[in-house]
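The residues making up each chain are set out below.
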Amino acid sequence: MPINLSGRPFLRLLDFSTEEIEYLLKLSKNFKDLKRTGTPHRYLEGKNIVLLFQKTSTRTRCAFEVGAMDLGMGVTYLDPGSSQMGKKESIEDTARVLGRFYDGIEFRGFAQTDVEDLAANAGVPVWNGLTTEWHPTQMLADILTVQENFNYDIKGKTLVFMGDAANNVARSLMVVCSKLGMNFVACGPKENMPDAELVETCTAIAAENGCTVKCTDDVAEACTGAHVIYTDVWVSMGEPDEVWAERIKHLEKFRVTKEVMAMADPEAIFLHCLPAFHDTNTTIGADIAERFGVTEMEVEDEVFESKASKVFDEAENRMHTIKAVMYATLCG
């Protein structure tokens, strides 16, 4: 049966079948090929989208803007101070207004319920650019990057997430791996694991697709023979500054080092959704180094700059996969 996602919201990958996710990945590859060859693909000429950002971002904003313009669409960007949503105007009312102006709405913010309320009331496709619970557009970029590095044969490969495995990226990776037949391992402190209900859900999905889901605090057990080592920042945007001391204490032993990469498969790759604190060349990195004496946080600079690191391919792929999501939901 042909895949048709026209009019669908894109809020979390749990809502999509394996076949639908694979379709979006194939579309992403096609759009990447078109971009690389300079082939025009203004398939959505005349449409307009709006980007609602409660949380700022480099990659998400640029990926949506460039992707939309490549497809021929107009783009309006509303930063955290440019919209009355949630202050003078409810999310529901905002959705009903914007749905009459625009053909699609992107939301990047905090509560998953906010993007769900937008989708329920807008009457046009709504895309989740990130919430506290989920990060679905990042997942497509991650998996496209894995496909590119393993000849598009990812079933049975093992992806290990190191660090705070309770965050939105780790939760979303667990879902997409289980849907696509990749073994997923969450490696971090027991108090920073995905919630038990989601682990149970993904374990059942994985069993249907011939793969596994595992949670462990044993680095060697997790990383030995793995094909992908993935990590993320230890403190997410919007979390209080006070959590740094506790996170560093609990997560230092889960830093991705050259020793960790040596445990993995010889062809293993390193991924990170960015930004990454691999040195002190940022204000936050310099501040943490001064306060705690830590100059590399979730990943060593040597790993980040190594040949195994595919983080900038991954960042570029956000644009191609976001383009696929917009095209599929606006055009079918």
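Definitions and cut-offs
Residues numbered from 1 in each chain as written. Predicted model: local features only at pLDDT ≥ 70, side-chain atom pairs only at ≥ 80, totals over all residues. Heavy atoms only, no water. Salt bridge = Lys/Arg side-chain N within 4 Å of Asp/Glu carboxyl O. Helix = DSSP H or I, 4+ residues; strand = E, 2+ residues; numbered from the N terminus. Buried < 20%, exposed > 50% of the residue type's maximum accessible area, 1.4 Å probe, protein only. Core = buried A, V, L, I, M, F, W, Y, C linked by side-chain atoms within 4.5 Å. Contact = heavy atoms within 4.5 Å. Expected span 1.5 Å × (residues − 1). Axes fitted to C-alpha atoms, helices over the stretch in contact; angles between N-to-C directions. Left-handed = near helix turned anticlockwise from the far one by under 90°. Nonpolar A, V, L, I, M, F, W, Y, C, P; charged D, E, K, R; others polar. Parallel < 35°, antiparallel > 145°, perpendicular 65-115°, else oblique. Pairing = 2+ DSSP bridges.

Q: What is the right way to read the pattern of salt bridges from this model?
A: Oppositely charged side chains can pair when the atoms bearing their charge come close. All told, the structure shown has 19 salt bridges when counted by the stated rule. The residue R8 makes a salt bridge to E20 at a minimum N-O spacing of 3.2 Å. You can see R8 sitting in the segment before α1 (18–36) and its partner E20 sitting in helix α1, a full 12 residues away along the chain. A relative accessible area of 24% places R8 in the partly exposed class.

Q: What is the right way to read the nonpolar core from this model?
A: A general trend in soluble globular proteins is that nonpolar side chains are found buried together. Core analysis: the biggest nonpolar cluster contains 62 residues, and F184 and M326 have the highest contact counts within it. If sequence neighbours within four positions are ignored, F184 has contacts with L159, F161, A170, L173, M174, C177, T212, V213 and K214. Counting residues in hydrophobic clusters, the runner-up holds 35 residues, among them V160, V260, A264 and A308.

Q: Help me out: how do you make sense of α1 in this one?
A: Residues spaced three or four apart along an α-helix face the same direction, because each turn holds 3.6 residues. The end-to-end C-alpha separation of α1 is 27 Å, in line with the 27 Å expected for 19 residues at 1.5 Å each. Buried residues of α1: T18, E20, I21, L24, L25, L27, S28, F31, K32 and L34, and no others. In this structure, the buried side of α1 is in contact with α5 (136–149), α6 (168–180) and α13 (311–331). Directly beyond the C-terminal end of α1, a positive phi value near 70° is found at G38.

Q: It is not clear to me how the packing of α5 against α13 should be interpreted in this structure. Could you clarify?
A: The relative placement of two packed helices is expressed as an angle between their axes plus a distance between the axes. Relative orientation of the contacting elements α5 and α13 amounts to 120°, with a least axis distance of 8 Å. The interaxial crossing formed by α5 with α13 has right-handed handedness. Counting all contacts with α5, which are made through T137, Q138, L140, A141, D142, L144, T145 and E148, the residues of α13 involved are D313, E314, N317, R318, T321, I322 and V325. A breakdown of the residues in the contact of α5 with α13 according to their chemical character gives 5 nonpolar, 5 polar and 5 charged.

Q: Can you walk me through the packing of helix α9 (residues 243–251) against helix α11 (residues 283–292) in this structure?
A: Between α9 and α11, the shortest axis-to-axis distance is 12 Å and the interhelical angle comes to 75°. Comparing their axes, α11 and α9 come out roughly perpendicular. Counting all contacts with α9, which are made through W244, A245 and I248, the residues of α11 involved are I284, I288 and F292. Grouping the constituent residues of the contact of α9 with α11 by class yields 6 nonpolar, no polar and no charged.

Q: Which parts of the structure should I look at to understand the sheet that holds strand β4 (residues 126–130)?
A: Strand pairing in a sheet takes place through backbone hydrogen bonds and is either antiparallel or parallel in direction. Taken in spatial order, the 4 strands of this open sheet run β2-β1-β3-β4, and their pairing is parallel. Each edge of the open sheet carries a strand with a single partner, namely β2 (74–78) and β4. Strand-to-strand twist of the sheet, defined as the mean angle between neighbouring strand axes without regard to direction, takes the value 20°. Note that strand β1 (residues 48–53) and strand β3 (residues 104–108) share 5 bridges and pair parallel.

Purely geometric numbers; function is a separate question.
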